[in-house]
Amino acid sequence: MDDNKWMAIAIEQAKKASQLGEVPVGAVLILNDKLVAQAHNQPISTNDPTAHAEIQLLRIAGMELKNYRLPNSTLYVTLEPCAMCLGAMIHARVSRVVFGAYDEKTGVCGSCADLSNSPYFNHSLDITGGVLAEDCKNLLQDFFIQKRGN
């Protein structure tokens, strides 16, 4: 798999979120080296606190594949997943998660906690962090600088 290639597409989704005034997080789902779905953050525009890029992506992919289980898939996301999103990925049986920027406030794949290796879940994920991290981090930083007017 070409992690940089797929993360670049997730970054394009993050840019779409930013243009809509959403926190710039984007995600794509890959199965058999093919793009199945892509999504970006939409909690503000949908008034839905669960509308993170990963959740939106899993919903789209489930409809596309006509299955709520997504075994052998890889999910690329520009920001380290939170607990809600990681839980959804576990329930969907995503095989691999690749993220860009680390999230020291809410990231649960090693930054503020590591739930990815928890013995309490019946499914484990292969996690890779830091892919195109600077690009992903810069998108977020630029967004918040502009938002705050600094």
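Definitions and limits used
Residues numbered from 1 in each chain as written. Predicted model: local features only at pLDDT ≥ 70, side-chain atom pairs only at ≥ 80, totals over all residues. Heavy atoms only, no water. Phe/Tyr/Trp six-rings, centres within 6.5 Å; stacked < 30°, edge-to-face > 60°. Buried < 20%, exposed > 50% of the residue type's maximum accessible area, 1.4 Å probe, protein only. Core = buried A, V, L, I, M, F, W, Y, C linked by side-chain atoms within 4.5 Å. Contact = heavy atoms within 4.5 Å. Helix = DSSP H or I, 4+ residues; strand = E, 2+ residues; numbered from the N terminus. Polar contact = N/O pair within 3.5 Å; in protein donor to acceptor, adjacent residues only side chain to side chain.

1. Considerations on the packing of aromatic side chains
Link 1 in the chain: Per the stated rule, a full pass over the model turns up two aromatic pairs.
Link 2 in the chain: Ring plane angle 85° and centroid distance 5.0 Å describe the contact between Phe99 and Tyr102, whose orientation is recorded as edge-to-face.
Link 3 in the chain: Summarising the aromatic geometry, the rings of Phe143 and Phe144 are spaced 5.1 Å apart at their centres and angled 80° between planes, so their arrangement reads as edge-to-face.
Link 4 in the chain: The class for Phe143 is buried, based on a relative accessible area of 6%.
Link 5 in the chain: With a relative accessible area of 28%, Phe144 lands in the partly exposed category.

2. Overview of the nonpolar core
Link 1 in the chain: One finds Met7, Leu75, Met89 and Val94 to be the most contacted residues of the largest nonpolar core, which totals 42 residues.
Link 2 in the chain: Once residues within four sequence positions are removed from consideration, Met89 is found in contact with Glu54, Leu58, Leu75, Pro81, Val94, Val97 and Leu125.

3. Observations regarding the side chain of Ser116
Link 1 in the chain: In this structure, Ser116 sits in the loop between strand S4 (96–101) and strand S5 (126–128).
Link 2 in the chain: Reaching out from Ser116, the side chain makes a polar contact with the side chain of Asp114 at a distance of 2.4 Å.
Link 3 in the chain: With residues up to four places along the chain from it excluded, the contact list for Ser116 reads Leu86, Val108, Cys109 and Ile127.

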